[in-house]
Amino acid sequence: ISSHLISDLRPSVLALELKYVDLEEKHRQVTTENDSEMSELRTKLERSETLQNELETHCNSLVNEIESMREQNSALQQKSDLFSQEMRDMEEQMKLSIDEYKNLLQAKDAEYSDLRRNLHTVLYKHGALKQMQPIAIEGENQLADDDD
C-alpha cells in the first residue's frame, strides 16, 4: 500500500514541487521588480525633495527680495512726498518773495517819484527852473505842484 501510495502520490508531489519552484521563481522576479521600482521611487523621491527644498529656498529668497523692494519703495515714496512738500513750500516762499519784491519796487518807485517831485519843486522855488514843468513818472504826467 505504501508503495502504491507513494507511486500514486509521487506525480502529484512532483507536480506540486514544480509549481512551488515556479511560484518561488515568480516571487523572486516580483520581489526583484518591486525592489527595483522601490529604488527608482526612492531616487525620484529624493530628487523631488531636493527640488522642493531648492524651490522653497528660492521662494523664500524671492519673498525676502519682494519685502526688501517694498521697504525701498516705501522709503522712496516718503522721500518723494518730502520733496513734493519742500517744492510746494519753496513755490509758496517764492510767490511771497516775488510779492514782497513787487511791493518794495513800488515803494522805491513812489519814494523816487516823491524825491524827484520835491527836487523839481525846490529847484523851481529857488529859481533854478523858470517854470514848473510836467514830470513824467512811470508813464504818468504829473505836475510837481500837485503835492502842494
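Because the structure is predicted, anything quoted here is derived from the model rather than measured.

**Q** I would appreciate a short explanation of the overall build of the chain in the present structure.
**A** Along its length, the chain carries one helix and two strands. Ordering the α and β elements of the chain from the N terminus gives α-β-β. The proportion of buried residues among the 148 residues of the chain is 5%. Summed over its atoms, the accessible surface of the chain is roughly 13400 Å², and 56% of this surface lies on carbon and sulfur atoms.

**Q** Hey, could you run me through the pattern of salt bridges in this one?
**A** A side chain of one charge can pair with a side chain of the opposite charge if their charged atoms are brought near each other. In the structure shown here, the tally under the stated rule is five salt bridges. Where Asp114 meets Arg117, a salt bridge forms, and the shortest distance between an N and an O atom there is 3.0 Å. Here Asp114 pairs with Arg117, and both are found in helix 1 (residues 2-125), just three residues apart, close to one helical turn. Given a relative accessible area of 37%, Asp114 falls into the partly exposed group.

**Q** I tried to follow a negative patch on the surface on my own but got confused; where do I start?
**A** There is a patch of like negative charges on the surface, built from Glu86, Asp89, Glu91, Glu92 and Asp99. Following the sequence through the fold, Asp99 ends up in helix 1.

**Q** Where do I start with the confidence of the model for the chain in this structure?
**A** Predicted coordinates in regions of low pLDDT should not be interpreted in detail. Averaged over the chain, the pLDDT score is 87; the fraction of residues at 70 or greater is 84%. Least confident of the elements in the chain is strand 2 (residues 140-142), whose mean pLDDT is 43; most confident is helix 1, at 93. Segment residues 137-148: pLDDT under 50, and 20 contacts once partners within four positions in sequence are set aside and those in other chains are kept.

Rules and cut-offs
Residues numbered from 1 in each chain as written. Predicted model: local features only at pLDDT ≥ 70, side-chain atom pairs only at ≥ 80, totals over all residues. Heavy atoms only, no water. Helix = DSSP H or I, 4+ residues; strand = E, 2+ residues; numbered from the N terminus. Buried < 20%, exposed > 50% of the residue type's maximum accessible area, 1.4 Å probe, protein only. Areas by Shrake-Rupley, 256 points an atom, 1.4 Å probe, with all protein chains shown as cover. Salt bridge = Lys/Arg side-chain N within 4 Å of Asp/Glu carboxyl O. Patch = residues over 30% accessible without salt bridge, like charges linked within 9 Å, V, L, I, M, F, W, Y side chains within 5 Å. Lys, Arg positive; Asp, Glu negative; His and termini not counted. Charge placed at Lys NZ, Arg CZ, Asp CG, Glu CD. pLDDT = per-residue confidence, 0-100. Contact = heavy atoms within 4.5 Å.

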